[in-house]
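Take a look at the letters that make up each chain.
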Amino acid sequence: MKIKKFLAKDYQTALKMAKAEMGPDAIILHTEKVKKKGIFGLFSPPQVEITVAVDETIKVRTDKKRDNFAASYEPGKRESVSAGNQIKSPEERESLFRELNTMKSMMEEIRNKMYEVELVRGMPEEIQRFFRMLLENNIDKDIALNIINKVENRLPPDKLHDKMWIRDLVLDALEEYVKEIRPIEIDVCRKGTVVMLIGPTGVGKTTTIAKLAANLTFMDKKEVALITLDTYRVAAAEQLRTFAEIIGIPISVVFDQVELKEAIEKYREKDVVFIDTAGRSPYNDEQMAELKEYIEVAAPDEIILVLSVTTQSSELVNIYNRFSLFNIDKIIFTKVDEARSYGQILNTIYEIKKPIAYITNGQNVPDDIKVPDPLYLAKMLLGKDEAL
Ligand SMILES: Nc1nc2c(ncn2[C@@H]2O[C@H](COP(=O)(O)OP(=O)(O)OP(=O)(O)O)[C@@H](O)[C@H]2O)c(=O)[nH]1
Ligand SMILES: [Mg+2]
């Protein structure tokens, strides 16, 4: 950085002198009227002094740019435009693009944060803090704002700074969104309730059936049987067969719709029959059509969609939408123990409006499954530390 002072009879002249010497990119730091020093100063008019600075590096770069620009307009020198460009190799260009993208997403993030602050401006500080907690737990901005608005409306004027009071109001509001909890309903007046679990691959359908079957057998003293349609992988049927053997309940591995019908008939006197299905890609029409045929034959009392909480909210809703052609009754959310946040549960339920049957929180059969009560879910939604 070069700094210099210019003294002239008036501002225009001083500026002209500065521009001539320092270039058009120079910045005026200070302007001041000054008297000439000494006895003569008393009789002469005041002068103007400007202090000007210029960044040498910027100056050099602009000059270079200007030179290239000028060169490009010389006849026959068109090629020098690209040759003179600063970005030479594809790697440099790619790295520049990457930098630009990073900057873009940083700016987007800042914009979002500013928007979030704006949304709750004027609300008591404690309420704003809970709003941020909900967002940190991945709860959709609009839903979080709804909750916070309810809290603000319900907060008595003398409790504006009462953290515990506000926390309870937030939990109440959250509970309202997740109050529909409906585990499997077994009709005691009739036998043969058929429950089918469907969902994408690897979400935990088979493990969850094993947990449910074991709990119903040992805790609720129900008669349970298993049917698996998953004959695509050798290990898949074996996985469920092993669980069935340990629990001591019958299992049928079926290969087609006729066998499915026969198996259901065979277990007509059981209290519950679980049907395990192969993981299906919701975006594979052929697989979905095949599943539909099996569902028509089985005519299950309950179709439960199994979703993993480790999946993003928008994708969970997409998956539900694809599977919704089967009249889904309930949702089981799995892998809660692996999730970084739980907002996905609320965002999905808010969108699809289906009850939650269970959540699963680990690989252990039969322990890691729960019928969550709304308060437990609300605490989870407020933050990991609140619930676990
Ligand atoms: N951490 C964790 N792992 C789970 C949970 N539930 C299931 N798993 C694990 O997830 C993996 C897949 O589970 P499966 O039960 O085979 O899943 P699936 O949906 O039947 O898979 P496909 O039949 O291949 O579609 C296994 O390693 C399970 O132990 C859970 O709640 N938490
Ligand atoms: Mg399976």
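Above this text you will find the structure in question.
Since this is a predicted model, take the numbers as computed values, not measurements. (Residues numbered from 1 in each chain as written. Chains lettered and ligands numbered in written order. Predicted model: local features only at pLDDT ≥ 70, side-chain atom pairs only at ≥ 80, totals over all residues. Heavy atoms only, no water.)

### Digging into the site of ligand 1
Residues in close proximity to ligand 1 total 19 residues, the closest being Lys205, Thr206, Thr207, Asp337 and Thr360. At 3.0 Å, a backbone N or O of Gly202 approaches an oxygen atom of ligand 1. The contact in question runs from an oxygen atom of ligand 1 to an N or O atom on the side chain of Thr360, over 2.6 Å. Broken down by element, the residue count for the shell around ligand 1 peaks at 4 residues, all from helix H8 (residues 205–218). Its residues assigned to classes, the shell around ligand 1 shows 1 nonpolar, 11 polar and 7 charged. (Near = heavy atom within 4 Å. Polar contact = N/O pair within 3.5 Å; in protein donor to acceptor, adjacent residues only side chain to side chain. Helix = DSSP H or I, 4+ residues; strand = E, 2+ residues; numbered from the N terminus. Nonpolar A, V, L, I, M, F, W, Y, C, P; charged D, E, K, R; others polar.)

### Let's talk about helix H9 (residues 234–247)
When the terminal C-alpha atoms of H9 are compared, their 21 Å separation across 14 residues agrees well with the 20 Å that a helix rising 1.5 Å per residue should span. Those residues of H9 lying buried are Ala236, Ala237, Leu240, Phe243, Ala244 and Ile247. End-on, the buried residues of H9 take up no more than an arc of 125 degrees, which puts them together on one face. Exposed residues on H9 whose side chains face more than 90 degrees from its buried face are Val234, Glu245 and Ile246. As for H9, its buried residues are in contact with H8, strand S5 (224–228), strand S6 (251–253) and strand S7 (272–276). In the segment just after H9, Gly248 is the residue with positive phi, at about 85 degrees. (Expected span 1.5 Å × (residues − 1). Buried < 20%, exposed > 50% of the residue type's maximum accessible area, 1.4 Å probe, protein only. Arc of directions from axis to C-beta. Contact = heavy atoms within 4.5 Å.)

### Overview of the sheet that holds strand S8 (residues 302–308)
Pairing in this open sheet of 8 strands is mixed, and the strands run S6-S5-S7-S4-S8-S9-S10-S11 from one edge to the other. At either margin of the open sheet sits one strand with a lone partner, and together these are S6 and strand S11 (369–370). Relative to S8, strand S4 (residues 193–198) runs parallel, the two sharing 4 bridges. Looking at the pairing, Leu197 lines up with Ile304 of S8. Docked against the sheet, helix H12 (residues 313–323) engages S4, S8 and strand S9 (330–334), running at close to 155 degrees with respect to S8. (Pairing = 2+ DSSP bridges. Axes fitted to C-alpha atoms, helices over the stretch in contact; angles between N-to-C directions.)

### Details of H8
For H8, spanning 14 residues, the distance from its first C-alpha to its last is 20 Å, which sits close to the expected 20 Å at 1.5 Å a residue. H8 sits mainly inside the fold: 11 of its 14 residues count as buried. Those residues of H8 lying buried are Lys205, Thr206, Thr208, Ile209, Ala210, Lys211, Leu212, Ala213, Ala214, Leu216 and Thr217.

### Some thoughts on the packing of helix H5 (residues 125–136) against helix H7 (residues 163–177)
Interaxial distance between H5 and H7 falls to 10 Å at its minimum, and their mutual angle equals 40 degrees. By the angle class used here, H5 and H7 are oblique. Crossing angle aside, the handedness with which H5 passes H7 is right-handed. Touching Glu126, Ile127, Arg129, Phe130 and Leu134 of H5 are Lys163, Ile166, Arg167, Val170 and Leu174, all from H7. Considering only residue class, the contact of H5 with H7 consists of 6 nonpolar, no polar and 4 charged. (Parallel < 35°, antiparallel > 145°, perpendicular 65-115°, else oblique. Left-handed = near helix turned anticlockwise from the far one by under 90°.)

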